[in-house]
Amino acid sequence: MRKPDIFDEIIQCLKTSEKTGADTSMSEATLHDFYSAPVRKAAPRPQAQVALAQNIQGVPPAYAPDLPEWESLRTECAACMKCRLGPTRTNMVFADGNPHAELMFIGEGPGADEDATGVPFVGRAGELLSRMIAAMTFDRKTETCIANIVKCRPPGNRNPADDEAAACMPYLKRQIAMVNPKVIVLLGAVPLLYLFNLKGIMRLRGRWLDYDGIPVMPTYHPAFLLRNPPAKKDAWADLQAVMAVFGRKPAPRR
Ligand code: URA
């Protein structure tokens, strides 16, 4: 049986308060867990997946057979030196999940863990993102596709610079066109800025935007949520709005 996580607890609280109208505060223990429990480091990935992300020859990509253009774009990106991030990367970080997914997440850019593995969102923020996706009742690997504004790590975990984002955006735009998801979720201020030229994630989170006919929900970045746990409530409201598009409801707690 799956161990309940923080998002299960929120769901339960919201459900109870919906039914009874009562202010069902979480227990002290849960609040402590929700707001301060350290997020486990992501488990190391099987070698085949790292190899896939690195586009090592000979490892059959999970979804490539019917999407060769996805793999040729991956190869193109792996050779890219269009900006100053190219020469300093360990691995180009292309995407994770399923390029046929109906739900796409877009983050900022790789951090140290992603640079080391070639897979987006595998560090602490990635662990939280995985939990958020599970709480939405989606399977990260098969039902979502995860990409970033830039595919190479900005040194020192800084945000991508304008020229770096400009160099990398054509790749992301081609990825979005190939995936053609039903909904895109933007994680934080950086994708909001570079996909929509909009500033103000605090103000704009939770409000639907439109990207080429695709509904887009901006919400907080998981790294921000790790630093500001009370904001998880708002992020969960945003994710529930996304779930409603798919007709999904939080899974009942067991
Ligand atoms: N943060 C991001 O925005 N993307 C990643 O891939 C990892 C952390």
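If you're wondering where the values come from, they're calculated on a predicted model, not measured in any experiment.

**Structural notes on the overall build of the protein**
(1) Moving on: A tally of helices and strands in the protein yields 12 helices and 6 strands.
(2) Moving on: Looking at the 254 residues of the protein, the share that counts as buried comes to 50%.

**Some points on the sheet that holds strand β1 (residues 96-97)**
(1) Moving on: The strand order across the open sheet formed by 6 strands is β1-β3-β2-β4-β6-β5, and the pairing between neighbours is mixed. Only two strands of the sheet have a single partner each, and these edge strands are β1 and β5 (209-211).
(2) Moving on: Against the sheet, helix α8 (residues 162-179) touches β2 (103-107), β3 (144-148), β4 (183-187), β5 and β6 (214-219), its axis set at about 170 degrees to β2.

**Some words on unusual backbone geometry**
(1) Moving on: The phi dihedral of N157 falls on the positive side, at around 60 degrees, and the residue is not glycine.
(2) Moving on: Along the chain, the position of N157 falls in the loop between β3 and α8.
(3) Moving on: The phi dihedral of N180 is positive, around 45 degrees, even though this residue is not glycine.
(4) Moving on: Note on placement: N180 falls in the loop between α8 and β4.

**Concerning empty space enclosed by the protein**
(1) Moving on: Inspection of every chain in the model, using the stated rule, returns 2 cavities of 30 Å³ or more.
(2) Moving on: Approximately 110 Å³ is the volume found for the largest cavity.
(3) Moving on: Lining the largest cavity are 16 residues; nearest its centre among them are C80, C83, C152, C168 and Y171.
(4) Moving on: Take the lining of the largest cavity: its biggest share by element is 4 residues, from α8.
(5) Moving on: Looking at the lining of the largest cavity residue by residue, the class counts come to 11 nonpolar, 1 polar and 4 charged.

**With respect to the pattern of salt bridges**
(1) Moving on: Counted by the stated rule, this structure contains 10 salt bridges.
(2) Moving on: E76 is the partner of R174 in a salt bridge, and the nearest nitrogen-oxygen pair spans 2.9 Å. With R174 in helix α8 and E76 in helix α4 (residues 68-78), this pair connects stretches of sequence that are 98 residues apart.
(3) Moving on: Overall, the relative accessible area of 34% leaves E76 in the partly exposed class.
(4) Moving on: The salt bridge partner of R205 is D238, with a shortest N-O separation of 2.8 Å. Here R205, found in the loop between α10 (201-204) and β5, pairs with D238, found in helix α12 (residues 232-245); they are 33 residues apart in sequence, far enough to count as distant.
(5) Moving on: By relative accessible area, which is 18% here, R205 ends up buried.
(6) Moving on: D238 sits in the buried class, given a relative accessible area of 2%.
(7) Moving on: Via salt bridges that share partners, R84, R158, D163 and E164 belong to a single interconnected network.

**Some remarks on the site of the ligand**
(1) Moving on: Neighbouring the ligand are G107, E108, G109, E114, P120, F121, N148 and H221.
(2) Moving on: In this structure, E108 approaches the ligand through a main-chain N or O atom, which is 2.7 Å from an oxygen atom.
(3) Moving on: Note that an oxygen atom of the ligand is positioned 2.8 Å from one of the side-chain N or O atoms of H221.
(4) Moving on: Contact with the protein chains covers 92% of the free accessible surface of the ligand, which is 230 Å².
(5) Moving on: Tallied by class, residues from the shell around the ligand come to 2 nonpolar, 4 polar and 2 charged.

Quick notes on the rules
- Residues numbered from 1 in each chain as written.
- Predicted model: local features only at pLDDT ≥ 70, side-chain atom pairs only at ≥ 80, totals over all residues.
- Heavy atoms only, no water.
- Helix = DSSP H or I, 4+ residues; strand = E, 2+ residues; numbered from the N terminus.
- Buried < 20%, exposed > 50% of the residue type's maximum accessible area, 1.4 Å probe, protein only.
- Pairing = 2+ DSSP bridges.
- Contact = heavy atoms within 4.5 Å.
- Axes fitted to C-alpha atoms, helices over the stretch in contact; angles between N-to-C directions.
- 1 Å grid on protein atoms, 1.4 Å probe; cavity = no way out; pocket = protein on both sides within 12 Å on 5 of 7 lines; lining within 4 Å.
- Points joined across faces, edges and corners; volume = space filled by probe spheres on them.
- Nonpolar A, V, L, I, M, F, W, Y, C, P; charged D, E, K, R; others polar.
- Salt bridge = Lys/Arg side-chain N within 4 Å of Asp/Glu carboxyl O.
- Near = heavy atom within 4 Å.
- Polar contact = N/O pair within 3.5 Å; in protein donor to acceptor, adjacent residues only side chain to side chain.
- Areas by Shrake-Rupley, 256 points an atom, 1.4 Å probe, with all protein chains shown as cover.

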